[in-house]
Amino acid sequence: MPISSLVLTLDASPELRASALREVARDPRITLGPPLEERWLPVVTETGSLPEGEALAESLRDVPGVSFVDVVMVDFSEEER
Amino acid sequence: MDRRDFLKGTAMTAATLAASRLAYGQDKAAGTPPAAAPGGQGVQWDKAPCRFCGTGCHVQVGVQNGKVVAIAGDQQAPVNKGLLCVKGYHVGLALYGSDRLTTPLLKKGDKHVPISWEEAIDIVARRVLKDPKGFGIYGSGQWTIPEGYAASKFVKGGLGSNQLDANARLCMASAVTGFLATYGVDEPAGCYDDLDACDVLIMWGNNPAEMHPVLFSRVIDRRSRGEKVTLIDIGTRKTRTSGFCDHSLRFKPNTDLAIACGIAHLLVENGTYDKAFVEANCAFRAPSEPATLEGKAITFEEYRELLKPYTPEKVEEISGVPAKDLRMLADLFGRRDVRITSLWCMGMNQHTRGTAINNLVHGLHLLSGHFGKPGDAPTSLTGQPSACGTVREVGTLAHALPGGRVVAKAEHRAQMEEIWNVPKGRLHDKPGYHTLEMWKRFSTPTEQGGDIHTIWVQVTNPAQTLPNTHKLVDPSRKLADKFLIVSDVYPSATARIADLILPSAMWVEKNGMTGNSERRTQQWFKMVRPPGQARDDAWQLIAVAHRLLALGFEGMKDKDGRFLFEVKGKDGKPVPLWDFAHYYDVNVDEHLFEEYRKTTRIKHKDLAPYPEYVKARGLRWPVVQQPDGGWRETRFRFAGFDDPYVKKGRDIQFYHSTTHDDRAQIWFSPYEPPPESPDTEFPFWLCTGRVIEHWHSGTMTMRIPQLQRAMPQAYVEMNRADARRLGVGNGDQVTVETRRGKLDLPVWIGGRGEPPEGSLFVPFFDERLLINGLTLDEHDPFSKQPDYKKCAARVRRRELVAEKQG
């Protein structure tokens, strides 16, 4: 179960930020941390495979209200190499 | 807490720290990187710079049971502040491709067959003995600093020849000649801190959003925090970077010289140049006849006259950039209340006028006084992790010696003979062949002047990355007396055509040191064992040197009769380094680095002792010892407030001035047409380059499934209008052809970039689709760097080509 750390940079608009938070929080593969300055959201993803993790990170880029996705760490110790 | 909970907890702490750095910047975000906390659940963490590009991000590498199992951005690293790009966070997987080379292989008939290291080392040594002068080493900006230093000592101190060059010739040689011609000494005065302080960032033919994404995100993050930073893209095609820019200017290939002259013309004519800065710190220069890197001195009035033809209207006519945009650029440079940083990389360097355009952009910053304050800097970026540290600083080039010395100067040769303790006269005064000449001679029959009989390639892939490979590489493979040796980690395009393949250790499978684009020297320790019999590149060089010694080659002895690479152990006895079982009995990197460090003072590129780099996430030279015994790095060279070598009381001092008067040179260089332009037969411009997912020739990144899937193959990017005229859509096959070769590629329209009408772009990462069979080997007259960014091409629908061929 690969685990990755991401930081989502959220939009300046409070409405878009709230909408992004709602959408991201719905996904059971994602654990949210406390947002910093309301705009920088630490998250941890846990997926069945690395490709799924990548697809998830990529899909987060498309969520309205998410400006950027920075990947901080990826643990692939249990991935078949 | 189970393992999963532990990993999730660690991951959340890492994300929170990174978010804190993004929110508050580097200084206010506190905390220890969680990934660096030792011992959690059996994973051992240690620091290393990323293996890939010249940015020099630091990663934390997690190792468990002898394997790299996790990668994290290093929170303590000033370069990347805990963040990584898509390549960086997959870097650990670069070690574990399924086809790692694990044993030496010798070509016999059509096959490569396994042989012992003993036999392999003996073969290399005997190729040297065939004729040491004709034995070349072609190295790399991916060599570590100790590896490059060992290669320099082997060739220049041992063989007494200068047939050593490196692939950085293909990526930053014009930046070097630009720095030398302007300041008299190589490498940027500024650093990445400029990205945090500039008000305006101008990217000259540069696409950092894809090629240096971590640096680019530093600027984008400033915008996210509400800071105003004006981004300007000046390029020949629309890229991912363009989308973030306030101004995106398209120019016709090669006309960047006219644009720079046009801005200088306006600064002079409007009187908005920084007269006080120029009078105190600068002189003027123009090309001489015959052409030399020093050129000839001119007066300000002569400079002004030379610029007069470059009116905005004339420059618009030449370049296609509207006159109003040129005025906008000149107005910005003419302002004293903004800070301007220029960035460039391959767009300005891979250019037949590379030295000239580098000089001109430095000249704009000097003329306008946008220099020497944080955020005011002309800064070239490099593509490879140690193009600066190894190739430029160690000097693994055909004309160079360590520490900024050159073989042509008797004084410099004598200094190196002293440091290497070799007899006087051992070092040769004639430069060896630069990269293109070395490979041309390797591909020329011996009886026709092809006097390079053997090339040993380390850590690079020239069969894919040299230009015009049908001319420079392919013929050698049909010449019986030419012998190609390749040290690599995977069966690259070059390894596959080699006569002898040597399996190498890579990255954290060995100790290492590199130097990034901002003068930052970085260090790491070996963390895992290399697979099979793969061994360090430096060991390979030392083992061949020792075999030569055993075969009676005098050059591998110093003047006291000792082995050139002798290292003594704690017992005072020489360690048999040539026996790999003993190679790590001592830290060979530390010994080589400490010897190299002695060479670095003459150009004020002082380095700290090795243990200082063990403690740090890199230090920017000059690193100067303080009264309290500590070591202080330098962020801004030539600036009185930071550079310890600037005389007290002076704001700016160019202390390596070519005119020995502390002045930098503001150059005039005219626009001239490129050597090959589109015509009726070949009506398109062809530009080549990189993509974010793959690093250079893709030898490592194409073996990382995640990156390979994200960008599985090369393509040709076309403008929609051209595609419509040709009757092709996305995915259709076309044949791209130049005067040197042709290649079938799928079309990509409206992708991440878009070339203007009449232009094509093809990335070079795909070894199955070798675009460098088509590129031009014309090069800059001073740097000898070839131009991969513009040549004439035509493109046809694949079925039409097939019909024509019948």
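Residues numbered from 1 in each chain as written. Chains lettered and ligands numbered in written order. Predicted model: local features only at pLDDT ≥ 70, side-chain atom pairs only at ≥ 80, totals over all residues.

S.K.: I'd like a description of the overall build of chain A, backed by residues and values.
M.R.: The helix and strand tally for chain A stands at 2 helices and 4 strands. A globule of 81 residues ought to have a C-alpha radius of gyration of about 12 Å, and chain A, at 12 Å, matches this closely. Each of the three principal axes of chain A carries a C-alpha extent, and together these read 40 × 20 × 20 Å. The buried share of chain A, taken over its 81 residues, is 41%. For chain A, the share of sequence-separated contacts (at least 6 apart) that also reach a separation of at least 24 residues comes to 68%. (Helix = DSSP H or I, 4+ residues; strand = E, 2+ residues; numbered from the N terminus. Rg over C-alpha atoms; globule rule 2.2 N^0.38 Å. Buried ≥ 20, exposed ≤ 12 C-beta atoms within 10 Å, placed from the backbone. Contact = placed C-beta atoms within 7 Å.)

S.K.: Residues and numbers for the overall build of chain B, please.
M.R.: Along its length, chain B carries 26 helices and 31 strands. Computed over its C-alpha atoms, the radius of gyration of chain B comes to 26 Å, within 12% of the 28 Å expected for a compact globule of 806 residues. C-alpha atoms of chain B, sized along the principal axes, occupy 80 × 70 × 65 Å. Across the 806 residues that make up chain B, the buried fraction comes to 61%. Intrachain contacts of chain B at a sequence separation of at least 6 include 70% that bridge at least 24 residues.

S.K.: Any chance you could break down the sheet that holds strand E1 (residues 3-10) of chain A for me, citing the residues and the numbers?
M.R.: Taking strand neighbours across the sheet as the criterion, the 7 strands line up as E2(A)-E3(A)-E1(A)-E4(A)-E3(B)-E2(B)-E1(B) in an open arrangement whose pairing is antiparallel. Strands with a single pairing partner mark the edges of an open sheet, and in this sheet they are strand E2 (30-32) of chain A together with strand E1 (44-49) of chain B. Within the sheet, the average angular offset between the axes of one strand and its neighbour, ignoring direction, is 30 degrees. Where strand E4 (residues 66-75) of chain A meets strand E3 (residues 67-73) of chain B, 3 bridges bridge the pair, whose relative direction is antiparallel. (Pairing = 2+ DSSP bridges. Axes fitted to C-alpha atoms, helices over the stretch in contact; angles between N-to-C directions.)

S.K.: Account for the sheet that holds strand E17 (residues 454-458) of chain B, naming residues and giving values.
M.R.: Residue and element names in this part refer to chain B. As summarised here, the arrangement of the 7 strands in space is E5-E4-E19-E18-E17-E6-E7, forming an open sheet in which the pairing is mixed. Because the sheet does not close on itself, it has two edges, and the strands there are strand E5 (111-114) and strand E7 (164-166). Averaged over all neighbouring strand pairs, the angle between strand axes comes to 20 degrees, with direction disregarded. In terms of strand pairing, strand E4 (residues 105-108) meets E5 through 4 bridges, oriented antiparallel. Its bridge partner lying in E5, Lys108 is registered against Lys111. Set on the sheet, helix H2 (residues 117-130) makes contact with strand E6 (135-139), E17, strand E18 (483-488) and strand E19 (500-503); between it and E19 the angle comes to about 130 degrees.

S.K.: I'd like a rundown of the confidence of the model for chain A, residues and numbers included.
M.R.: With 94% of its residues at a pLDDT of 70 or more, chain A shows a mean pLDDT of 84. Here E4 of chain A stands out as the least confident element of chain A, with mean pLDDT 81; E2 of chain A is the most confident, with 92. (pLDDT = per-residue confidence, 0-100.)

S.K.: Give me the packing of helix H8 (residues 256-269) of chain B against helix H14 (residues 354-367) of chain B: which residues, what numbers.
M.R.: Residues and elements named next belong to chain B. Remark: H8 packs on H14, axes separated minimally by 9 Å, with the N-to-C direction vectors making an angle of 20 degrees. Here H8 lies roughly parallel to H14, going by the angle between them. Relative to H14, the crossing made by H8 is left-handed. Across the interface between the two elements, Asp256, Leu257, Ala260, Cys261, Ile263, Ala264 and Leu267 of H8 pack against Ala356, Ile357, Leu360, Val361, Gly363, Leu364 and Leu367 of H14. Tallied by class, the residues present in the contact of H8 with H14 amount to 12 nonpolar, 1 polar and 1 charged. (Parallel < 35°, antiparallel > 145°, perpendicular 65-115°, else oblique. Left-handed = near helix turned anticlockwise from the far one by under 90°. Nonpolar A, V, L, I, M, F, W, Y, C, P; charged D, E, K, R; others polar.)

S.K.: Which residues make up the environment of Gly48 of chain A, and what values do they have?
M.R.: In this structure, Gly48 of chain A sits in the loop between strand E3 (40-46) and helix H2 (50-61). Separated by 23 residues in the primary sequence, Gly48 of chain A and Val71 of chain A have C-alpha atoms spaced 18 Å apart.

S.K.: Any details on unusual backbone geometry? Residues and values, ideally.
M.R.: Residue and element names in this part refer to chain B. Looking along the chain, the bond that leaves Glu289 and enters Pro290 is cis, with omega of 0 degrees. The omega torsion of the bond from Trp621 to Pro622 falls at -5 degrees, within 30 degrees of zero and hence cis. Relative to the elements of secondary structure, Pro622 occurs in the loop between strand E22 (619-620) and strand E23 (624-625). Of note, the phi angle at Asn65 is positive, near 50 degrees, even though the residue is not glycine. Summarising the element assignment, Asn65 is placed in the loop between strand E2 (58-64) and E3.

S.K.: Could you give an account of the interface of chain A and chain B, naming the residues involved and the relevant values?
M.R.: Taken residue by residue, the interface counts 31 residues in chain A and 29 residues in chain B. When residues of the side of chain A that touches chain B are traced back to their parent elements, those giving at least two are E1, E3, H2 and E4 of chain A. Looking at the side of chain A that touches chain B element by element, the count peaks at 7 residues for E4 of chain A. Looking at the side of chain A that touches chain B residue by residue, the class counts come to 17 nonpolar, 7 polar and 7 charged.

S.K.: Can you break down the domain arrangement of chain B residue by residue, with the values?
M.R.: All names here are of chain B. On domain assignment, one finds that chain B holds domain 1 (3-84), domain 2 (105-171 + 399-508 + 519-586), domain 3 (173-381) and domain 4 (684-805). Contact residues are listed per partner, giving 26 residues for domain 3 and 26 residues for domain 4. When residues of the side of domain 3 that touches domain 4 are traced back to their parent elements, those giving at least two are helix H4 (173-183), helix H6 (208-211), helix H13 (346-349) and H14. Class assignment for the residues of the side of domain 3 that touches domain 4 results in 8 nonpolar, 12 polar and 6 charged. (Domains from an automatic or database assignment.)

S.K.: Please provide a residue-by-residue account of the environment of Val736 of chain B, values included.
M.R.: All names here are of chain B. In this fold, Val736 is placed in strand E28 (residues 733-738). A tally of 23 C-beta atoms within 10 Å means that Val736 is categorised as buried. Remark: the alpha-carbon pair of Val736 and Leu774, spanning 38 residues in sequence, is separated by 8.7 Å.

S.K.: Quick rundown of the pairing of E4 of chain B? Include the residues and the values.
M.R.: Residues and elements named next belong to chain B. Counting the residues between successive antiparallel strands, the hairpin from E4 to E5 contains 2 residues, one of them, Gly109, with a positive phi of roughly 65 degrees. With 2 bridges joining them, E4 and E19 adopt antiparallel strand pairing. Paired with Leu106 across the two strands is Leu500, which belongs to E19.

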